[in-house]
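# Remarks on the overall topology
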Amino acid sequence: MASVSFDKIEKNFGKVKVLHGISFDIADGEFVVLVGPSGCGKSTLLRMLAGLEEISGGDISIDGKVINDLDSKDRDIAMVFQSYALYPHMTVGENMAFSLKLRKAEKALTEERVGKAAKILNLHTLLDRYPRELSGGQRQRVAMGRAIVRDPKVFLFDEPLSNLDAKLRVAMRAEIKALHQRLKTTTVYVTHDQIEAMTMADRIVVMHDGIIEQIGTPLELFDRPGNLFVAQFIGSPAMNVFEGTLRSQQGRPWVEADGQQWPVGPVAGGKDGQGVHYGIRPGDISMVEPAQGIPATVVVVEPTGAETEIILQVGETMLTLVLHGRTDVKPDQAVGLQIAAEKVHLFEKSGGQRIG
Amino acid sequence: MIKGWSLRKVSTEAQLLLVGIPVVLWTLIPVYHLFLFAISPRDTATSGRLWPKSPTMQNFEIVFGQKHFYLSHFWQQLGNSLLIAIATGALTLLVATTAAFAISRLKVRGGRTVMNLALFTYFIPAAFLAVPMYKTMSNYGLLNNRWAMILAMVTIASPYCIWVLKQASDKLPWELDEAARIDGASPLQLFRLVYVPLMVPSLVAVGTYALLLAWNEYLYGFLLLSKETDLPLAVALGNFLSADDSPWELLMATGFIYALPPAAIYYAFKRYMVSGLTAGAVKS
């Protein structure tokens, strides 16, 4: 168990700079997810923490001790790779015991640790199998078992679920989360999947183009995205965002876009006539009678069982709406839209920073 | 439709046979003649018959009993051949495996240059290098020493083996090295516990290649070694032809014996030979 701290971390590959001064701290026992589109530098940052990439600038410390120049093996970390990276010529048991074997641990201790990890992960019947004889999910569990056996200060996960099918991914997600709740080991988890980030993390670090866009708990990021990038990246289906002009009369603000007046909550700042991005989550729009709200036309209705996703058109703007339950609206039908004004997000037109 | 298909199938088969039969005959006829000579009595050895009138194993008895002037060191020379071949195979493996590991997995500086130089050595035929090699061995005082032959063969075999092993190494997933590093493996442990076990098929192929290359070598043995008791059997066989009246049937019997170990080795390892030598040839 340990805290981890990144201080002004930079990384260059030749002349290309991929990380621009990343700083944040991870508390002891915390589950932090680094999330962002591919190429944002999240995996590079994790690999620098693992000691697999050199650090071009800044300091990484574990438990207050700078580890920049320490070998991977001396950092007391364990990593789970996307491709599992199991040793093909060793059995499951040998794979899990490998790190202890290298440390010349006593046989009894090795057996005890492997047995314990196998029990936690439900692998005890597979210890004599070879990785090629296992399914994808089992291999993933062995990779996790190999990490648990180490009893490291920090667990690192590099997109561990990307090679699994959708159903298994959901199951493994829960398994990893349960594992963390049980072991309470500090964990850094990299993924490009914002749903994984939302469901698993204590705190999420959203990265983009080598910088941190925002750090916060899943619900903080969802409820108060700090900028346009985070607003559009977090949440599924994605937030509806379109451009408009902020208007304000007698302290009552609204946004003018596509010939309509869009409501804005009381807290929003900004000044009259300012260009803005208007954002509203699909779940914060509701349908009413055509005469009562903003007039819209239904384009597509997508029932998913518990929820219904409806794509609507207002002027030139396409909006997504999520409805809990079912609906009998049909494509081309005219409806009215009501927007929960206090749930509206406004961002500056240039720069995309949050207003208010 | 079905008829057309089967017709085409028959014609494909026929074409294969048309190529296959000559190739098989081309390969087997000399071997058959070797065998024919080896089981013929001396006076009928060159009679030109397809099967000797009275086949005999006497020639083999003479060879195994060392009962001829040219064969007085047969067992010693067979042993020399074995020693040279096995030592060459083992040393080449050591050189090539460590080189491939350093270049492919540890990414040592200058690895590319070494690879290019290795390729470059094959622009010069080995025969052209025989005299410089003779001079070098003489400088080191190794002439007439079986080590001279072993070292020469390792020199000739290594570059190709390094190439094959480097290509095969490049195909091993990089994450395995990283996982091992995080698990606490030093480069040597990585080599011993992860790299070598995973490279076994390629190592067998490459080792066999070097071993057979040394076993079949004539020129370097002829040049570097001259004492009867140091010669490999291949060179000793050549000495049969130094007299006007060569004992052909004994030459062929010995040759037949000499051809058996490579055939056995190749047969035993053929599974590895095909997969090992083509490893890395295509992206899978």
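All of these numbers come straight from a predicted model, not from anything done at the bench.

## Concerning the overall build of chain A
The secondary structure content of chain A amounts to eight helices and 21 strands. In terms of principal-axis extent, the alpha carbons of chain A reach across some 75 × 45 × 35 Å. Within chain A, the fraction of its 356 residues that count as buried is 40%. Counting contacts in chain A only where the partners sit at least 6 residues apart, residues at least 24 apart contribute 66% of the total.

## Quick look at the overall build of chain B
Looking only at helices and strands, one finds 11 helices and zero strands in chain B. Scanning chain B from its N terminus toward the C terminus, one meets helices and strands in the order α-α-α-α-α-α-α-α-α-α-α. Computed over C-alpha atoms, the radius of gyration of chain B comes to 24 Å, more than 25% over the 19 Å expected from 2.2 N^0.38 for 284 residues, which places it beyond the range of a compact globule. Each principal axis of the C-alpha distribution contributes one length, and for chain B these read about 75 × 70 × 35 Å. A buried classification covers 33% of the 284 residues belonging to chain B. Partitioning the intrachain contacts of chain B with sequence separation of at least 6 by distance along the chain shows that 77% fall at a separation of at least 24.

## Points about the packing of helix 3 (residues 74–105) of chain B against helix 8 (residues 187–216) of chain B
Residue and element names in this part refer to chain B. Two elements in contact, helix 3 and helix 8, have axes separated by 8 Å at closest approach and are oriented at 140°. The orientation of helix 3 relative to helix 8 falls into the category oblique. The hand of the helix 3/helix 8 crossing is right-handed. Across the interface between the two elements, Ser81, Ile84, Ala85, Ile86, Thr88, Gly89, Thr92, Leu93, Ala96, Thr97, Phe101 and Arg105 from helix 3 touch Phe191, Tyr195, Val196, Leu203, Val206, Gly207, Ala210, Leu211, Ala214 and Trp215 from helix 8. Here the residues of the contact of helix 3 with helix 8 are counted per class, giving 15 nonpolar, six polar and one charged.

## A closer look at helix 8 of chain B
Between its first and last C-alpha atoms helix 8 of chain B spans 36 Å; for 30 residues at 1.5 Å apiece the expected length is 44 Å, and the helix comes up short by more than 12%. Considering bend angle alone, the principal kink of helix 8 of chain B is centred on Val200(B) and spans about 65°; proline Pro201(B) follows within four residues of it.

## A closer look at the domain arrangement of chain A
When the parts come together, some accessible area is lost, and that loss is often what is quoted as the size of the interface. Residues and elements named next belong to chain A. When cut into domains, chain A gives domain 1 (4–233) and domain 2 (240–355). When each unit is reduced to the centre of its C-alpha atoms, the spacing between domain 1 and domain 2 is 38 Å. Between domain 1 and domain 2, the residue contacts involve seven residues of the former and eight residues of the latter. Across the side of domain 1 that touches domain 2, the residue classes break down as four nonpolar, three polar and no charged.

## A short note on the nonpolar core
Leu156(A), Val188(A), Met153(B), Cys161(B) and Val206(B) are the most contacted members of the largest nonpolar core, which totals 149 residues. Counting residues per element, this core draws most heavily on helix 6 (residues 146–170) of chain B, at 15 residues. Counting residues in each nonpolar core, the second largest holds 12 residues, with Phe37(B), Ala38(B), Val63(B) and Met252(B) among its members.

## Some thoughts on the sheet that holds strand 19 (residues 334–339) of chain A
Residue and element names in this part refer to chain A. The strand order across the open sheet built from five strands is 15-19-16-17-18, with neighbouring strands paired in antiparallel fashion. A strand with exactly one partner marks an edge of an open sheet, and here the two such strands are strand 15 (285–288) and strand 18 (317–324). Neighbour-to-neighbour, the strand axes of the sheet open up by a mean angle of 45°, direction not taken into account. One ladder, built from eight bridges, connects strand 17 (residues 307–314) with strand 18; its direction is antiparallel.

## Let's talk about helix 7 (residues 174–183) of chain B
Every buried residue of helix 7 of chain B is listed here: Leu176(B), Ala179(B), Ala180(B), Arg181(B), Ile182(B) and Asp183(B). Close packing links the buried residues of helix 7 of chain B with helix 1 (42–50), strand 6 (77–80) and helix 2 (92–102) of chain A together with helix 8 of chain B. Trailing helix 7 of chain B by a residue or two, Gly184(B) shows a phi angle of about 110°, which is positive.

## A look at the environment of Ala2(A)
Residue and element names in this part refer to chain A. Examined against the element boundaries, Ala2 turns out to sit in the segment before strand 1 (4–13). Taking the C-beta count within 10 Å as the criterion, Ala2 has 20 such neighbours and is therefore assigned buried. Placed 81 residues apart in sequence, Ala2 and Ser83 show a C-alpha to C-alpha distance of 26 Å. Residues contacting Ala2, with those up to four places away along its chain left out, are Asp28, Ile62, Asp63, Lys153, Val154 and Thr186.

## Details of the environment of Leu312(A)
Residues and elements named next belong to chain A. Residue placement: Leu312 occurs in strand 17. For Leu312, a count of 23 C-beta atoms within 10 Å gives the class buried. Sequence separation of Leu312 and His180 is 132 residues, and the distance between their C-alpha atoms is 41 Å. Contacts of Leu312, omitting those with residues within four sequence positions, involve Ala296, Thr297, Val298, Val299, Leu319 and Leu321.

## A short note on the sheet that holds strand 11 (residues 240–249) of chain A
All names here are of chain A. Taking strand neighbours across the sheet as the criterion, the six strands line up as 13-12-11-14-20-21 in an open arrangement whose pairing is antiparallel. Since the sheet does not close on itself, it has two edges, and those belong to strand 13 (260–263) and strand 21 (354–355), each with one partner. Pairing analysis gives six bridges linking strand 11 to strand 14 (residues 275–280), with the strands arranged antiparallel. Directly across from Asn240, in strand 14, lies its bridge partner Ile280.

## Things to note about the domain arrangement of chain B
Residues and elements named next belong to chain B. Domain annotation for chain B reports domain 1 (2–63) and domain 2 (68–277). Domain 1 and domain 2 are separated by 31 Å when their C-alpha centres are compared. Secondary-structure elements contributing two or more residues to the side of domain 1 that touches domain 2 are helix 1 (2–38) and helix 2 (58–64). Looking at the side of domain 1 that touches domain 2 residue by residue, the classes come out as eight nonpolar, three polar and one charged.

## Let's talk about the environment of Ser11(B)
Residue position: Ser11(B) is located in helix 1. When the C-alpha positions of Ser11(B) and Ser72(B) are compared, they lie 55 Å apart, and in sequence the two are 61 residues distant.

## Considerations on the interface of chain A and chain B
Across the boundary between the two partners, chain A contributes 17 residues, which contact 14 residues of chain B. When contributions to the side of chain A that touches chain B are tallied by element, the ones reaching two or more residues are strand 6 and helix 2 of chain A. When the residues that make up the side of chain A that touches chain B are grouped by side-chain class, the tally is 11 nonpolar, four polar and two charged.

## Some remarks on the packing of helix 3 (residues 107–120) of chain A against helix 4 (residues 136–150) of chain A
Residue and element names in this part refer to chain A. Their axes nearest at 9 Å, the elements helix 3 and helix 4 cross at an angle of 135°. Here helix 4 runs oblique to helix 3, going by the angle between their axes. Crossing handedness for the pair helix 3 and helix 4: right-handed. Between helix 3, through Arg113, Val114, Ala117, Ala118 and Ile120, and helix 4, the contact on the second element is made entirely by Gly145, Ile148 and Val149.

Cut-offs used in this document
- Residues numbered from 1 in each chain as written.
- Chains lettered and ligands numbered in written order.
- Predicted model: local features only at pLDDT ≥ 70, side-chain atom pairs only at ≥ 80, totals over all residues.
- Helix = DSSP H or I, 4+ residues; strand = E, 2+ residues; numbered from the N terminus.
- Buried ≥ 20, exposed ≤ 12 C-beta atoms within 10 Å, placed from the backbone.
- Contact = placed C-beta atoms within 7 Å.
- Rg over C-alpha atoms; globule rule 2.2 N^0.38 Å.
- Axes fitted to C-alpha atoms, helices over the stretch in contact; angles between N-to-C directions.
- Parallel < 35°, antiparallel > 145°, perpendicular 65-115°, else oblique.
- Left-handed = near helix turned anticlockwise from the far one by under 90°.
- Nonpolar A, V, L, I, M, F, W, Y, C, P; charged D, E, K, R; others polar.
- Expected span 1.5 Å × (residues − 1).
- Bend = angle between axes of the 7 residues up to and from the residue.
- Domains from an automatic or database assignment.
- Core = buried A, V, L, I, M, F, W, Y, C linked by C-beta atoms within 7 Å.
- Pairing = 2+ DSSP bridges.

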